[in-house]
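What follows is each chain in one-letter form.
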Amino acid sequence: GFNHANYGRALLKLHKTKEATEAFDKAVEVQQNAMLWNNIAYELADSDTNLDRAEQYAESAISQVASALRNLSPERVTMQDMGNVQALASYWDTLGWIKFKRGDLEGAEKYIAAAWKLSQNGEVADHLGQIALKRGNRDAAIKWYAQAMSGNRPKIDTRDRLNKLVADNAK
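Describe unusual backbone geometry, and please don't skip the residues or the numbers.
Even without a glycine there, the phi angle at His15 is positive, about 60°. In the Ramachandran plot, Asp48 falls in the positive-phi region, its phi being about 50° despite a non-glycine side chain. Within the secondary structure, Asp48 sits in the loop between helix 3 (34-46) and helix 4 (51-69). Of the residues examined, Asp48 reaches a relative accessible area of 48% and is grouped as partly exposed.

I'd like a rundown of the packing of aromatic side chains, residues and numbers included.
In total, this model carries two aromatic pairs according to the counting rule given. The interplanar angle of 5° and the centroid separation of 4.7 Å between the aromatic rings of Trp97 and Phe100 together place this pair among those described as stacked. Residue Trp97 and its partner Phe100 are located together in helix 5 (residues 79-101), separated by three residues, close to a single helical turn. The class for Trp97 is buried, based on a relative accessible area of 3%. Both rings, one in Trp116 and one in Trp144, keep their centres 5.6 Å apart while their planes meet at 90°; by these two values the pair is edge-to-face. Within this pair, whereas Trp116 is found in helix 6 (residues 105-119), its partner Trp144 is found in helix 8 (residues 138-150), the two being separated by 28 residues in sequence. Using a relative accessible area of 9% as the deciding quantity, one classes Trp116 as buried. You can call Trp144 partly exposed: its relative accessible area is 22%.

How would you summarise the packing of helix 5 against helix 6 if you had to cite specific residues and measurements?
Running from N to C, helix 5 and helix 6 point in directions that differ by 160°, and their axes come no closer than 7 Å. One finds that helix 5 runs roughly antiparallel with respect to helix 6. Both helix 5 and helix 6 take part in a crossing whose hand is left-handed. Residues Val85, Gln86, Leu88, Ala89, Trp92, Asp93, Leu95, Gly96, Trp97, Lys99 and Phe100 of helix 5 form the contact with helix 6, whose participating residues are Leu105, Gly107, Ala108, Tyr111, Ile112, Ala114, Ala115, Leu118 and Ser119. Within the contact of helix 5 with helix 6, the residues separate by chemical class into 14 nonpolar, four polar and two charged.

Which residues make up the environment of Asn71, and what are the values?
Note on placement: Asn71 falls in the loop between helix 4 and helix 5. When the C-alpha atoms of Asn71 and Glu22 are compared, they prove to be 35 Å apart, with 49 residues separating the residues in sequence.

Break down the side chain of His127 for me, with residues and values.
Structurally, His127 is set in helix 7 (residues 122-134). The class of His127 is buried, set by a relative accessible area of 2%. At 2.8 Å, the side chain of His127 forms a polar contact with the side chain of Asp93. For His127, the contacting residues outside a window of four places in its chain are Tyr42, Asp93, Trp97 and Ile112.

So, the nonpolar core: which residues are in play, and what are the values?
One finds Ile40, Leu44, Tyr57, Tyr91, Ile98 and Ile112 to be the most contacted residues of the largest nonpolar core, which totals 42 residues. Elements with a contribution of two residues or more to this core: helix 1 (4-13), helix 2 (17-30), helix 3, helix 4, helix 5, helix 6 and helix 7. When sequence neighbours within four positions are dropped, the list of residues in contact with Ile98 reads Ala41, Ala45, Leu51, Ala54, Glu55 and Ala58. Listed in part, the seven residues of the second largest apolar core include Ala132, Ala140, Ile142 and Tyr145.

Quick notes on the rules
- Residues numbered from 1 in each chain as written.
- Predicted model: local features only at pLDDT ≥ 70, side-chain atom pairs only at ≥ 80, totals over all residues.
- Heavy atoms only, no water.
- Helix = DSSP H or I, 4+ residues; strand = E, 2+ residues; numbered from the N terminus.
- Buried < 20%, exposed > 50% of the residue type's maximum accessible area, 1.4 Å probe, protein only.
- Phe/Tyr/Trp six-rings, centres within 6.5 Å; stacked < 30°, edge-to-face > 60°.
- Axes fitted to C-alpha atoms, helices over the stretch in contact; angles between N-to-C directions.
- Parallel < 35°, antiparallel > 145°, perpendicular 65-115°, else oblique.
- Left-handed = near helix turned anticlockwise from the far one by under 90°.
- Contact = heavy atoms within 4.5 Å.
- Nonpolar A, V, L, I, M, F, W, Y, C, P; charged D, E, K, R; others polar.
- Polar contact = N/O pair within 3.5 Å; in protein donor to acceptor, adjacent residues only side chain to side chain.
- Core = buried A, V, L, I, M, F, W, Y, C linked by side-chain atoms within 4.5 Å.

Laid out in C-alpha cells, this is it:
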C-alpha cells in the first residue's frame, strides 16, 4: 500500500509543510503505532515544523510505551520489555529535541539526559552537546560530542561539530 509517512517526509524535504502534515496525519490514522508517532514527531522537530503537532505525537508515543512498561517485573524481564525501554529512551529524546527547538533548554535537557542514561546512544549525546553549546558551555559540548562518538550509532555530523569546536579552541 501507499506509505503516507514516507510521502510526508518527501514533502517536508520540499518545504511543503502543510501537505507534509496532512500526509503524516493520514499515516497516523492508518497505523496507530508508537514508533510511527515518534518518527513523525522527530521529522517535524528536526525540520522546525509544526512543533505543537510533533509534541502531541511524541507524548502519545511515550504514553503508549510507558503503559506497556507499567507491568514490568524483575522476575520476568522479556526481550520485548528491553525493546520498550530502548523505545522510551528514543521517545524521550524526541520530546527533548522538540523542547530544544522551542528554546526550552531546561525541559530539553531533562528528557534528553534521561534518554542518555537509558540508551548511551550517540545521537542522544550529540543532542546534549548541542544543548551545552547553546548554553555557551563549550567544554561540556566537547565532552558530550566525544561521548557521542563512542556511544551506540554515532552520527557523522557529530564528528564535524567536535572537530570545529576543538579547532576553534586551538586558535
